[in-house]
Amino acid sequence: MIDIFLPIFAVAVAGAAIAGSIRILQYYQREEDSRFGAGCLCKAIVVASLTLAFLLVVLLPLDVRNTRPGPGIPGLMAVLWRVAFSLLAAFAFVIVPGAAFYDEVEGDDTVQRKGRHVCCSLGFTVFISAAIIGISYPFLGDVALPVQKYT
């Protein structure tokens, strides 16, 4: 029998995360962007990224709960962690910087090719991020934590 509390809790936490993200966006947005239609894409990206951050925090207790023996889908948490961190990387290195670059040139008439400017800036950001990760991974990629087992 499936534990009915977990899906109800997951839906409630996701709804609370979305509502909290929208409230944070309303509180911190600029005065000129306070209209409903102004910058809808950027607002949606901000709400999605904040919601993702809130839901990543909830994954740890969910993982702890799913380590107990009982009914469930084996291997589900490994897939959820992989998907969550892949989405986090996509948001951190591509989606959020791309939205920021787009927001910078949206009303600027001096930039002739706005799409090209955004793509070049985003390409430079991805290149620098990949270089930093590629250089630091060989040095910081292995961790040895001392663990003691108590019986």
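Below is a short write-up of the structure.

About the criteria used
- Residues numbered from 1 in each chain as written.
- Predicted model: local features only at pLDDT ≥ 70, side-chain atom pairs only at ≥ 80, totals over all residues.
- Heavy atoms only, no water.
- Axes fitted to C-alpha atoms, helices over the stretch in contact; angles between N-to-C directions.
- Helix = DSSP H or I, 4+ residues; strand = E, 2+ residues; numbered from the N terminus.
- Parallel < 35°, antiparallel > 145°, perpendicular 65-115°, else oblique.
- Left-handed = near helix turned anticlockwise from the far one by under 90°.
- Contact = heavy atoms within 4.5 Å.
- Phe/Tyr/Trp six-rings, centres within 6.5 Å; stacked < 30°, edge-to-face > 60°.
- Buried < 20%, exposed > 50% of the residue type's maximum accessible area, 1.4 Å probe, protein only.

Some thoughts on the packing of helix α1 (residues 5–28) against helix α2 (residues 40–66)
And step 1. Between α1 and α2, the shortest axis-to-axis distance is 8 Å and the interhelical angle comes to 150°. Relative to α2, α1 is oriented roughly antiparallel. By crossing handedness, the relation of α1 to α2 is classed as right-handed. Where α1 abuts α2, its residues Leu6, Phe9, Val13, Ala14, Ala17, Ile18, Ser21, Ile22, Ile24 and Leu25 lie against Lys43, Val46, Val47, Leu50, Thr51, Phe54, Leu55, Val58, Leu62, Arg65 and Asn66.

Side note on the packing of aromatic side chains
Remark: the centre distance and the inter-plane angle together describe each pair of aromatic rings, the angle taken between the planes.
And step 1. This structure, assessed with the given rule, holds two aromatic pairs.
And step 2. Geometrically, the ring pair formed by tyrosine 27 and tyrosine 28 is edge-to-face, given 4.8 Å between the ring centres and 90° between the ring planes. Residue tyrosine 27 shares its accessibility class with tyrosine 28, and that shared class is exposed.
And step 3. Both rings, one in tryptophan 81 and one in phenylalanine 85, keep their centres 5.6 Å apart while their planes meet at 15°; by these two values the pair is stacked. Of this pair, tryptophan 81 and phenylalanine 85 both sit in helix α3 (residues 76–105), four residues apart, roughly one helical turn.
And step 4. A residue is classified by how much of its surface remains accessible, and phenylalanine 85, at 46% relative accessible area, is partly exposed.

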